[in-house]
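Breakdown of the fold
This is what each chain is made of:
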Amino acid sequence: MTFRNELREIARYRNAYLLAFSAAMGSIFYGWDIGLIGGIIAMSSFQESFGVDKLSTSAKADFNGNIVSILQGGCFFGALSMGYFSGKFGRKPCLIASGVIYIVGSAIQAIAGLGSSAATGLSVLYFSRFLGGIGVGMVSALVPSYVSECTPRKIRGRCTGMIQFANNIGIMLSCNAVLNIAPTDMQWRIPFIVQIVPGALFTFAMLFQPESPRWLVEKGRYPQAAKTLAFVARISPEDPAVLVTLDEIKEEFEGKDKLSLWQQFRGMGASPVIANRCFIPALVMFFQQWTGTNAINYFSPEIFTGLGITGTSSTLFATGIYGVVISVGLVLMFAVESFGRKKCLIVGGIGQGLTMLWIGGYSSIHPSGPIVPASYVSLVAVYLYAVFYCVGWGPVPWVISAEVAPNHLRTVSLSIAIGVNWLFSFTISKITPIMLDKITYGTFLIFGLMCIIMAAWAYIFFPETAGHALEDIHFLFEQDVIVRALQDAPLGRLFIGKKRALSVEELKMEMEVNVDQKSIKEDSGKAFDDGGASSVAPI
């Protein structure tokens, strides 16, 4: 596609991009904290405010793990709660509520320690970070589902990718927010105050966005669902494409609307196919955390010190550059979106694995001492790691999690997946400073090997999902999944010989024949395209 055609398509779907941008602003919450807290806990002014400067090295490492991981604890519970609340009240009201909770938590965080003892101030800080984490967890669990359910399939990957882009814009902005401020307590309070701004902007922007059309269909509000579909595609609600898409969504929910939370949990095991589709979102989120990205995000000052860069300002500068590289990498991710989800995961995993292994090897040979030429190579490896993360295991798991699960189980499946993400984000942030202290370079070797393992999983077990409507994704997992996955992988045909999995179009035709021969109602969450004979394509 030429640049001019690209701009023409962006103009055509500008409502969808605006919706995705508005929702993705919620990801700035977490990105801001990722880039912020690693620099703040290294500040002498912050350590003096809460008595951290008087702690032993091991106690300080434990404190660093606590202050980072308490937010993940709140995120975990916030994400899990969305399985119930977003299904009952809708995506939009819950997103607005998450913004309000985040704002309150940020405000309390900014005033922690004022007029109180260090111990009391620390308790307030822990509480406010947990409260803010609930808001972050809510938005992280809902935004991928909301964006995926609202945007046309042609641009769904890009729109969902904006989530990680906004996350890393938050990293970049927060890193620069802690630079060039006098070393008083306002040095760390001002960044906490400023983080209220993205929360307010997100909450305000979401007031003007529509409700998810698939949630509206589930509740039987078809006219409003048609209006949302028409809004994002900038066409009339009576347009044939809107009507075809609406019919497909209705078919998907037939007999499965208004399911209770317990029924949804039970439905996740209705068949091996559905169980696999509901398991994959949690698995890719588990993998994302074991890339080690949060270890670098949160503790980059300590990592850069280990690579030979010393001093608070220099480490914060290095963190800021890292944020810039992440954002550049995400721009590259948009350029390679045409590669598909699968190839991005493979390339990203291998790239991250090799750079992590290099950093581990360098750290084992040069644990301390003066800067050598290999130190600069290691710094480049950290930045390349960020780029590979942005190509693959940064944004793509969010896209996959939002599109693989069945429509009627997507909310609960995604809530569990994001809960897993936060649980292991909590775990990694808690154990990383301890690992860096106890096994040093072994930390990077573990993460590097995990990256290679997840690249192998994507190569062997995950079929390409790009270009398929949400209601057609189930065809990819119905039969010959490994054959299909290898068929979609680079050089994968070398392993399967003449074997071939049927295309989605062939499977749909086969299903049409079966339905014509035997009238049945599907009970496993599969969608039957009753508009197969029509030339009108869904949105």
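Refer to the preceding data block for the structure.
What this report covers is the structure whose coordinates are included nearby. (Residues numbered from 1 in each chain as written. Predicted model: local features only at pLDDT ≥ 70, side-chain atom pairs only at ≥ 80, totals over all residues. Heavy atoms only, no water.)

When helices and strands are tallied, the chain shows 25 helices and zero strands. Across the 539 residues in the chain, those meeting the buried criterion constitute 58%. At a minimum sequence separation of 6, the contacts of the chain that also span at least 24 residues come to 82%. On the chain, roughly 21100 Å² of surface is accessible, and the fraction owed to carbon and sulfur atoms is 67%. (Helix = DSSP H or I, 4+ residues; strand = E, 2+ residues; numbered from the N terminus. Buried < 20%, exposed > 50% of the residue type's maximum accessible area, 1.4 Å probe, protein only. Contact = heavy atoms within 4.5 Å. Areas by Shrake-Rupley, 256 points an atom, 1.4 Å probe, with all protein chains shown as cover.)

Before going further, it helps to spend a moment on the pattern of salt bridges. Within this structure, the stated rule accounts for nine salt bridges. In this structure, Glu403 engages Arg156 in a salt bridge whose closest nitrogen and oxygen atoms are separated by 3.0 Å. Residue Glu403 is found in helix H20 (residues 396-403), and its partner Arg156 is found in helix H8 (residues 156-177); the two are separated by 247 residues along the sequence. On the basis of relative accessibility, which here comes to 0%, the residue Glu403 falls in the buried class. Shared partners join several salt bridges into a network, and the residues in it are Arg91, Glu149 and Arg410. (Salt bridge = Lys/Arg side-chain N within 4 Å of Asp/Glu carboxyl O.)

Right, let's talk about unusual backbone geometry for a bit. Most peptide bonds are trans, and most residues other than glycine sit at a negative phi. Located in the positive-phi region is Thr440, a residue other than glycine, with phi close to 45 degrees. Relative to the assigned elements, Thr440 resides in the loop between helix H21 (410-438) and helix H22 (442-461). Among the residues examined, Thr440 registers a relative accessible area of 37% and is labelled partly exposed. Even without being a glycine, Leu491 presents a positive backbone phi close to 65 degrees. Looking at where Leu491 falls in the secondary structure, it is placed in the loop between helix H23 (481-488) and helix H24 (493-496). Residue Leu491 is classed as exposed on the basis of its relative accessible area of 65%.

With that settled, the discussion passes to helix H7 (residues 118-150). With 33 residues, H7 extends 47 Å from end C-alpha to end C-alpha; this agrees with the ideal 48 Å at 1.5 Å per step. Maximal helix bending in H7 amounts to about 30 degrees, located at Leu142; proline Pro144 follows within four positions. (Expected span 1.5 Å × (residues − 1). Bend = angle between axes of the 7 residues up to and from the residue.)

Let's shift gears to the environment of Val380. Along the chain, Val380 falls in helix H19 (residues 373-391). In the structure, Val380 is positioned 21 residues away from Ile359 in sequence and 9.9 Å away in space, judged by C-alpha atoms.

With that settled, consider the environment of Glu48. Following the sequence through the fold, Glu48 ends up in helix H4 (residues 44-49). Separated by 136 residues in the primary sequence, Glu48 and Thr184 place their C-alpha atoms 9.5 Å from one another.

Further remarks concern the side chain of Gln288. Take Gln288: it is sitting in helix H15 (residues 272-289). Among the polar contacts listed, one links the side chain of Gln288 to the backbone oxygen of Trp393, at a separation of 3.2 Å. (Polar contact = N/O pair within 3.5 Å; in protein donor to acceptor, adjacent residues only side chain to side chain.)

What the rule picks out here adds up to 20 aromatic pairs. Seen in terms of ring centroids, Phe46 and Trp188 are 5.5 Å apart; in terms of plane orientation they differ by 90 degrees. Their pairing is edge-to-face. Highlighted residues: Phe46 in helix H4 and Trp188 in helix H9 (residues 186-194), separated in sequence by 142 residues. Taking the relative accessible area as the measure of exposure, Phe46 reaches 0% and is therefore buried. (Phe/Tyr/Trp six-rings, centres within 6.5 Å; stacked < 30°, edge-to-face > 60°.)

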